[in-house]
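Understanding the architecture of this molecule
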Amino acid sequence: MEEELMQIKNSAVSMIIEAVDQKELEEIKLQFLGRSGRLTLTLKEITKLPKEKRPEIGILANDVKRVIEETLENQMSNLKSQKSHEIKKRIDTTAPGIKPNLGHLHPMTQVLYEVVEVFKSLGFQAADGPEIETDHYNFEALNIPKDHPARDTQQTLYLDTRNSKVTPGDIILRTQTSAMQGRIMEKVKPPLRVIVPGKNFRYEQVDASHGFEFWQVEGFLVDTNVRLTDLFGTIDYVLRKLMGKDVKLKFATTNFPFVEPGVDTYISCTVCGGRGCSFCKYSGWSEIMPAGMIHPNVLKAVGYNSQKVSGFAFAIGLSRLVTLRYQMDDLRLLTNPDMRILEQF
Ligand code: DAH
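Residues numbered from 1 in each chain as written. Predicted model: local features only at pLDDT ≥ 70, side-chain atom pairs only at ≥ 80, totals over all residues. Heavy atoms only, no water.

**A look at the packing of aromatic side chains**
Inspection of the entire model under this criterion finds 7 aromatic pairs. With a centroid separation of 5.2 Å and 15° between ring planes, the pair formed by Phe119 and Phe314 is classed as stacked. Of this pair, Phe119 sits in helix α5 (residues 107-121) while Phe314 sits in strand β10 (residues 310-317), placing them 195 residues apart in sequence. Ring geometry for Tyr326 and Phe345: centres 4.8 Å apart, planes at 75°, overall edge-to-face. With a gap of 19 residues between them, Tyr326 in the loop between α10 (318-325) and α11 (339-342) and Phe345 in the segment after α11 connect regions that are remote in the sequence. The class of Tyr326 is partly exposed, set by a relative accessible area of 29%. These aromatic residues form a ring-pair network of at least three members: Phe119, Phe124, Phe312 and Phe314. (Phe/Tyr/Trp six-rings, centres within 6.5 Å; stacked < 30°, edge-to-face > 60°. Helix = DSSP H or I, 4+ residues; strand = E, 2+ residues; numbered from the N terminus. Buried < 20%, exposed > 50% of the residue type's maximum accessible area, 1.4 Å probe, protein only.)

Here's what the structure looks like:
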C-alpha cells in the first residue's frame, strides 16, 4: 500500500509539472483525485487493512493528497503568469488605440425624422402602409379610373399574377403614397391629420433627379371649413422650418385627378441659388411639394359627406428635399454606399 501511494504521488507530480495548459491540469486532477481517481480508489482500500496499520497509512495517504493538490495549484499559477507574460511580450500596451467606426443615421433618415417632428407639432400623426398595393387604392379610390390618362404619367410596375386568383393588373408596386388616403379615410372619421412617409416605385429612366424607387411623405387633412389658404399656410410653415426661413417659394396650378384645384410648390434651387443648373433644369426652381384640395370624388369614395367636410393633401418629395437641403446635384448619391459620402452627414 505504501508503495502504491508513493507511485501515485510520483506519477501525479511528474505529470503535473509537464502539463502545458489548464485543461490538461483539470484532466490530471480528475484522474487522481476525481471520484474514481487513482488516489480516491486507493483510499477506499484503507478500510480493508488491519486496524493497527490504518493510522500510519492514513497519514501517508493524506500527505500524498496534499502534495498533489499543492503541486496542481502551483503549476496552475505558473501557467497563468507564463501566459500573461507571453501576451505582454506580443502586445505593446502603450501603443495608441484604433478608434472604432461609429455608425449614424443616413441623411434620408435624419431628414425624415425632422419632417415627422415638424408635422407632429402641427397635430399630424404618422402612418405606414404597404409597398405592394392594389390598383384600387393606388388609382381607383384616387379618382383615377382604368382608362384615365393620368395613369400614363405613373409608369406602374405590375406584379406577376400568373398562377394566382388575382386579376391581372390588380396588384402593383405602389407608385404614390397617396394610396394610403383611401386606406386610412375608409377607417377613420374626420377630423384627421395624417402623414405617410414611404417608398414608391416607378418604371423610370434613372438620372440625376429621377429614381425608379423614391421616397415621399404624403400628407392629408380633413375637417370642416378647410380652405386653400390653410394648405398654403401649412406648406409655407413646413418648408421654411425644414429649408430655412429665407427660401423662396412659389405656387403654380397643376392637375392631379384626386385634387381640385391642384397646386405645385416650387422652391428656389439650393444647388445653384436660382441661377439655373442641371439639377433644376436651368429654371432656378425645383418642384418639391405637389398638393391640392381633396377632390369630392375621393371623399365620397370613402363615405365622407363632401358637403360637410373638406380637406387638403400634399406630397413632399423626400429624396428631392434631402438633395436640395445638402446641395447634392445627383439623387443617386443618396443610395451610394461610399463611406466618403456618408461620413459627411
Ligand atoms: N401622388 C402624387 C404623385 O406622386 C403627388 C401628389 C400630388 C400628392 C398632389 C398629393 C397631392 O397628395 O395633393 O405624383
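Still more ground to cover, so stick around.
**Section: unusual backbone geometry**
Omega for the bond connecting Pro190 with Pro191 falls within 30 degrees of zero, at 5°, which places this linkage in the cis form. Following the sequence through the fold, Pro191 ends up in the loop between α7 (179-187) and β4 (192-201). Residue Pro261 follows Glu260 across a cis peptide bond; omega there is -5°. Note that Pro261 resides in strand β7 (residues 259-268). Of note in this structure, Asn163 is not a glycine but carries a positive phi near 60°. Residue position: Asn163 is located in the loop between α6 (135-138) and β3 (171-173). A positive phi angle, near 55°, is found at Asn225, a position not held by glycine. The topology assignment puts Asn225 in the loop between β5 (213-223) and α8 (228-243). A residue is classified by how much of its surface remains accessible, and Asn225, at 65% relative accessible area, is exposed.

**Focus on the pairing of β5**
With respect to burial, β5 is a largely interior element, 8 of its 11 residues being buried. In this sheet, β5 lies alongside β4 in antiparallel orientation, the contact comprising 10 bridges. Each residue of the ladder has a partner; that of Arg193, found in β5, is Leu221. (Pairing = 2+ DSSP bridges.)

**Details of the side chain of Thr323**
Note that Thr323 resides in helix α10. For Thr323, a relative accessible area of 0% puts it in the buried group.

**Quick look at the site of the ligand**
Lining the immediate environment of the ligand, one finds 16 residues, of which Gln176, Ser178, Arg202, Gln216 and Glu218 sit closest. Between an oxygen atom of the ligand and a side-chain N or O atom of Arg202, the distance comes to 2.9 Å. A distance of 3.5 Å is found between an oxygen atom of the ligand and a backbone nitrogen or oxygen belonging to Gly292. Isolated, the ligand exposes 360 Å² of accessible area, and the fraction of that covered by the protein chains is 95%. Elements with a minimum of two residues in the shell around the ligand: β5, β9 (291-294) and β10. Top element by residues in the shell around the ligand is β10. It accounts for 3 residues. Here the residues of the shell around the ligand are counted per class, giving 8 nonpolar, 6 polar and 2 charged. (Near = heavy atom within 4 Å. Polar contact = N/O pair within 3.5 Å; in protein donor to acceptor, adjacent residues only side chain to side chain. Areas by Shrake-Rupley, 256 points an atom, 1.4 Å probe, with all protein chains shown as cover. Nonpolar A, V, L, I, M, F, W, Y, C, P; charged D, E, K, R; others polar.)

**Observations concerning the state of the cysteines**
Counted under the stated rule, the structure contains 0 disulfides. Here Cys272 stays unpaired: no disulfide links it, and the sulfur of Cys269, its closest cysteine neighbor, is 3.6 Å away. (Disulfide = S-S within 2.5 Å.)

**Things to note about α7**
Burial in α7 covers these residues: Ala179, Met180, Gln181, Gly182, Ile184 and Met185. Where α7 is buried, its residues contact β2 (132-134), α6, β4, β5, α9 (296-301) and β10. (Contact = heavy atoms within 4.5 Å.)

**As for the nonpolar core**
One finds Val115, Phe119, Phe314, Ile316, Leu318 and Leu321 to be the most contacted residues of the largest nonpolar core, which totals 39 residues. Broken down by element, this core gets its largest block of residues, 7 residues, from α5. Discounting chain neighbours no more than four positions away, the residues touching Phe119 are Phe124, Ile195, Val238, Phe314 and Ile316. Counting 22 residues, the second largest nonpolar core, distinct from the first, contains Ile144, Ile172, Val302 and Tyr304. (Core = buried A, V, L, I, M, F, W, Y, C linked by side-chain atoms within 4.5 Å.)

**Side note on the packing of helix α1 (residues 2-18) against helix α3 (residues 38-45)**
Viewed as axis vectors pointing N to C, α1 and α3 meet at an angle of 165°, and their least axial separation amounts to 11 Å. Classified by the angle between their axes, α1 and α3 sit roughly antiparallel to one another. Relative to α3, the crossing made by α1 is left-handed. Touching Glu4, Leu5, Gln7, Ile8 and Ser11 of α1 are Arg38, Leu39 and Thr42, all from α3. (Axes fitted to C-alpha atoms, helices over the stretch in contact; angles between N-to-C directions. Parallel < 35°, antiparallel > 145°, perpendicular 65-115°, else oblique. Left-handed = near helix turned anticlockwise from the far one by under 90°.)

**Observations concerning the domain arrangement of the chain**
Under the domain assignment used here, the chain contains domain 1 (2-90) and domain 2 (107-342). If you average the C-alpha positions of domain 1 and of domain 2, the two centres end up 79 Å apart. (Domains from an automatic or database assignment.)

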